[in-house]
Amino acid sequence: MNRKTTKKVDESTLTTLCAVCRGAFLDAKGVRLRRADPRQLVKDVCTYCQTRYGFDYYVQPIVRKSKMTGKENRRETEPAEN
């Protein structure tokens, strides 16, 4: 990937997280958090606890590539092909 290409982000994964809820997501395996706007100054109400304020994050599943085949391995269960 070069500097001229942009990653397309699924807007449905945009979530507001406070510091406490963000810590719970960081402890979870299989997801990655990415800050939506690093220059965001105004905090919003947390999507999960609805009590504290936090920043906007994209919650993305971690996709690992197989060393042998180069194919992506998702942690989701996929139906078996016949």
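Anyway, here's the lowdown on the structure attached to this text. (Residues numbered from 1 in each chain as written. Predicted model: local features only at pLDDT ≥ 70, side-chain atom pairs only at ≥ 80, totals over all residues. Heavy atoms only, no water.)

Remarks on the overall build of the protein
As a reminder of what qualifies: By definition, any uninterrupted DSSP run of H or I lasting at least four residues is a helix, any uninterrupted run of E lasting at least two residues is a strand, and each is numbered from the N terminus. In this scheme, a residue with accessible area under 20% of its type's maximum is buried, one over 50% is exposed, and one in between is partly exposed, where area comes from a 1.4 Å probe on protein chains only. Any pair of residues with heavy atoms lying within 4.5 Å of one another is described as a contacting pair. Note on areas: Shrake-Rupley with a 1.4 Å probe; residue coverage comes only from the protein chains shown.
Counting its secondary structure elements, the protein contains one helix and six strands. When the helices and strands of the protein are listed from N to C terminus, the series reads β-α-β-β-β-β-β. Residues classed as buried in the protein amount to 21% of the 82 residues present. Considering only contacts in the protein between residues 6 or more positions apart, those separated by 24 or more positions represent 58%. Here the protein displays about 7300 Å² of accessible surface, and carbon together with sulfur accounts for 50% of that area.

What to know about the packing of aromatic side chains
Applied cut-off: To pair, rings of Phe, Tyr and Trp, with the six-membered ring standing in for Trp, must have centres within 6.5 Å; the planes then decide the type, stacked if under 30 degrees apart, edge-to-face if over 60, and tilted in the middle. Distance and angle both matter: a charge sits over a ring if NZ of Lys or CZ of Arg is within 6 Å of the ring centre and within 35 degrees of the ring normal.
Counted by the stated rule, this structure contains one aromatic pair. Sitting over the ring of Phe55, Arg35 keeps its end group 3.9 Å from the ring centre.

Let's talk about the nonpolar core
To keep it simple, the criterion reads: Side-chain atoms within 4.5 Å are what join buried Ala, Val, Leu, Ile, Met, Phe, Trp, Tyr and Cys residues into a set we call a nonpolar core.
Listed in full, the eight residues of the largest apolar core are Leu17, Cys18, Cys21, Phe25, Leu33, Cys46, Tyr57 and Val59. Elements with a minimum of two residues in this core: α1 (19-27) and β4 (53-61). With residues near it in sequence (within four places) discarded, Cys18 still touches Cys46, Cys49, Arg52, Tyr53 and Gly54.

A look at the environment of Cys21
Mapped onto the fold, Cys21 is located in helix α1. Along the primary structure Cys21 and Thr47 are separated by 26 residues, whereas in three dimensions their C-alpha atoms are 9.1 Å apart.

Overview of the pairing of β4
Looking down a regular strand, the side chains alternate between one sheet face and the other. Rule in force here: What makes two strands pair is DSSP finding at least two bridges between them.
Sheet analysis places strand β1 (residues 14-17) next to β4, joined by four bridges and oriented antiparallel. When the sheet's bridge partners are listed, Thr15 is paired in β4 with Tyr57. In the sheet, strand β2 (residues 31-35) pairs with β4 via five bridges, with the strands oriented antiparallel. For Val31, the partnering residue across the bridge sits in β4 and is Pro61.

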